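Here is how the chains run, residue by residue.
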Amino acid sequence: EGCGVCLIDYQWSGVALGATDVIYLLATAASDDFLHPDMDIREEVLRPYFAIFTGARRDYRRTEGVNTAADRDNDSNTVAGRDGVAASIDVSLSPQYTFEDLEHDFSLAVLDWTRWAVTCRLGGETPEKFTGRREANDPNLGAYRSSERVLRFIFELVLQYLPAVEKEMAAH
C-alpha cells in the first residue's frame, strides 16, 4: 500500500554490503536517460534508497515487536548493521547504520563491481560489440554491456571514490 513501484532484484545473491545491490541495479538496469551527466548520485539514488530501507527496517521492527533505542528515538537516519539484511538479524544487537555508512559502503561496492567487471566481463570489448548489443536489445545482458553511458557513469564514480578509499587504506 502506498508504494507505486516495487522491485525484486535477483541479480545478486550472497553475503555482501547492501550497497552492492545499488551498484548492480545501476550497472545492469539503469537507462541512459536515468544516468544523466549532472546526476547527483547521493541525492537521486542513495538518499531515496536509504529512506526506503530505513522505513522498511522500522516497519519490520514494529511488526516483530522489536523496540530498540533507535526505534524509541525514531531517528530516520539509522538502521541495523552493515550486512544490509532486513529480516534475518537481531536488530537489538546491531550497530546503528547511518547515511554516511551507506555512502562509504557504496564507494567500496562501486570499486568492487568495477574490479569484477573489468577483469571478468569487459575483456575484448569494442565499440562495435556495444553497438551490436544495443541494437539487439537483449534484456538478458546488463546495461553496462550495451551502453557506453552506463559504463562511463560508473567509471566516473570510480574516479570520484578511489582517492578517498586509497587514502583510507593507506591510513590502516
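Structure's up top.
Reference entry: report on the structure contained in this document. (Residues numbered from 1 in each chain as written. Predicted model: local features only at pLDDT ≥ 70, side-chain atom pairs only at ≥ 80, totals over all residues. Heavy atoms only, no water.)

## Some words on the overall build of the chain
Counted only if it meets this: Working definition: helices are DSSP H or I runs of at least four residues, strands are E runs of at least two. Numbering for both runs from the N terminus. Categorising residues by exposure relies on relative accessible area from a 1.4 Å probe, with only protein chains included: less than 20% of the type maximum marks a residue as buried, more than 50% marks it as exposed, and the intermediate range marks it as partly exposed. Contacts are assigned to residue pairs that have any heavy atoms within 4.5 Å of one another. Residue exposure ignores everything except the shown protein chains as possible cover, and the areas themselves are Shrake-Rupley values with a 1.4 Å probe.
The helix and strand inventory of the chain stands at six helices and zero strands. In the chain, the order of α-helices and β-strands from amino to carboxyl end is α-α-α-α-α-α. Within the chain, the fraction of its 172 residues that count as buried is 35%. Considering only residue pairs separated by 6 or more positions, the chain has 59% of its internal contacts joining residues 24 or more positions apart. Approximately 10600 Å² of the chain is accessible, and the part contributed by carbon and sulfur atoms is 55%.

## Topic: helix H6 (residues 148–171)
Stated formally: A helix is expected to span 1.5 Å for every residue after the first.
An ideal rise of 1.5 Å per residue puts 34 Å on 24 residues; H6 measures up with 35 Å between its terminal C-alpha atoms. By the burial criterion, the buried members of H6 are Val150, Leu151, Phe153, Ile154, Leu157, Val158, Tyr161 and Val165.

## Regarding the packing of aromatic side chains
The following threshold applies: Classification of ring pairs rests on two measures: the distance between centres of Phe, Tyr or Trp rings, Trp counted by its six-membered ring, which must be within 6.5 Å, and the angle between planes, read as stacked under 30 degrees, edge-to-face over 60 and tilted in between.
By the definition in use, this model includes six aromatic pairs. For the pair Trp113 and Tyr144, a centre-to-centre distance of 5.0 Å together with 90° between the ring planes defines the contact as edge-to-face. Of this pair, Trp113 sits in helix H4 (residues 99–121) while Tyr144 sits in the loop between helix H5 (127–136) and H6; the two residues are 31 residues apart in sequence, bridging distant segments of the chain. Note on accessibility: Trp113 and Tyr144 belong to one class, buried. Seen in terms of ring centroids, Trp116 and Tyr144 are 6.2 Å apart; in terms of plane orientation they differ by 65°. Their pairing is edge-to-face. Of this pair, Trp116 sits in helix H4 while Tyr144 sits in the loop between H5 and H6; the two residues are 28 residues apart in sequence, bridging distant segments of the chain. Judged by its relative accessible area of 22%, Trp116 falls in the partly exposed class.

## Let's talk about the packing of H4 against H6
In plain terms, the rule: Orientation is described by lines fitted to C-alpha atoms, with helices fitted over the stretch in contact, and by angles between N-to-C directions that extend from 0 to 180 degrees. Roughly parallel refers to an angle under 35 degrees, roughly antiparallel to one over 145, roughly perpendicular to one between 65 and 115, and oblique to any angle outside these ranges. Rotating anticlockwise by less than a right angle from the far helix to the near helix defines a left-handed crossing, while the corresponding clockwise rotation defines a right-handed one. Residue classes follow a fixed rule: Ala, Val, Leu, Ile, Met, Phe, Trp, Tyr, Cys and Pro count as nonpolar, while Asp, Glu, Lys and Arg count as charged, and any other residue, Gly among them, counts as polar.
Contact pair H4 / H6: the axes reach a minimum separation of 9 Å and the direction vectors enclose 120°. With respect to H6, the element H4 is oriented oblique. Handedness of the H4/H6 crossing: left-handed. Taken together, the residues of H6 that come into contact with H4 (itself represented by His104, Phe106, Ser107, Leu108, Val110, Leu111, Trp113, Thr114 and Val118) are Leu151, Ile154, Phe155, Leu157, Val158, Tyr161, Leu162, Val165 and Glu168. Taken together, the residues that form the contact of H4 with H6 break down as 14 nonpolar, three polar and one charged.

## Re the packing of helix H1 (residues 19–29) against H4
Helices that pack against each other are described as a pair by the angle of their axes relative to one another and the distance between those axes. Between H1 and H4, whose axes approach to 8 Å, the crossing angle comes to 50°. Classed by the angle they form, the pair H1 and H4 counts as oblique. Like other packed secondary-structure pairs, H1 and H4 cross with a definite hand, here right-handed. Of H4, the residues touching H1 (which contributes Ala19, Thr20, Val22, Ile23, Tyr24, Leu26 and Ala27) are Leu102, Asp105, Phe106, Ala109, Val110, Trp113 and Trp116. Grouping the amino acids of the contact of H1 with H4 by side-chain chemistry returns twelve nonpolar, one polar and one charged.

## Points about the nonpolar core
It is characteristic of soluble globular proteins that their nonpolar side chains tend to be buried jointly. Just so we agree on the cut-off: Among buried residues, the Ala, Val, Leu, Ile, Met, Phe, Trp, Tyr and Cys ones that are joined through side-chain atoms within 4.5 Å form a nonpolar core.
Ile23, Leu26, Ile41, Phe106 and Trp113 are the most contacted members of the largest nonpolar core, which has 34 residues in total. In this view, Ile23 contacts Phe106, Ala109, Val110, Trp113 and Ile154; residues no more than four positions away in its chain are not counted.

## Points about the layout of surface pockets
Over the atoms, a rolling probe the size of a water molecule traces out where space has been left empty. Convention followed: Method remark: on a 1 Å grid restricted to protein atoms, a set of points is classed as a cavity if a 1.4 Å probe fits but cannot get out and as a pocket if it is open with protein on both sides within 12 Å along at least five of seven lines; lining residues have an atom within 4 Å of a point. Grid points are joined across faces, edges and corners, and a volume is the space filled by probe spheres set on the points.
Quantified by volume, the second largest pocket comes out at close to 170 Å³. In this structure, the second largest pocket is lined by twelve residues; those nearest its centre are Thr28, Asn140, Leu141, Gly142 and Tyr144. Every element with two or more residues in the lining of the second largest pocket is listed here: H1 and H4. If one sorts the elements of the lining of the second largest pocket by residue count, H1 sits on top with three residues. Its residues assigned to classes, the lining of the second largest pocket comprises six nonpolar, four polar and two charged.

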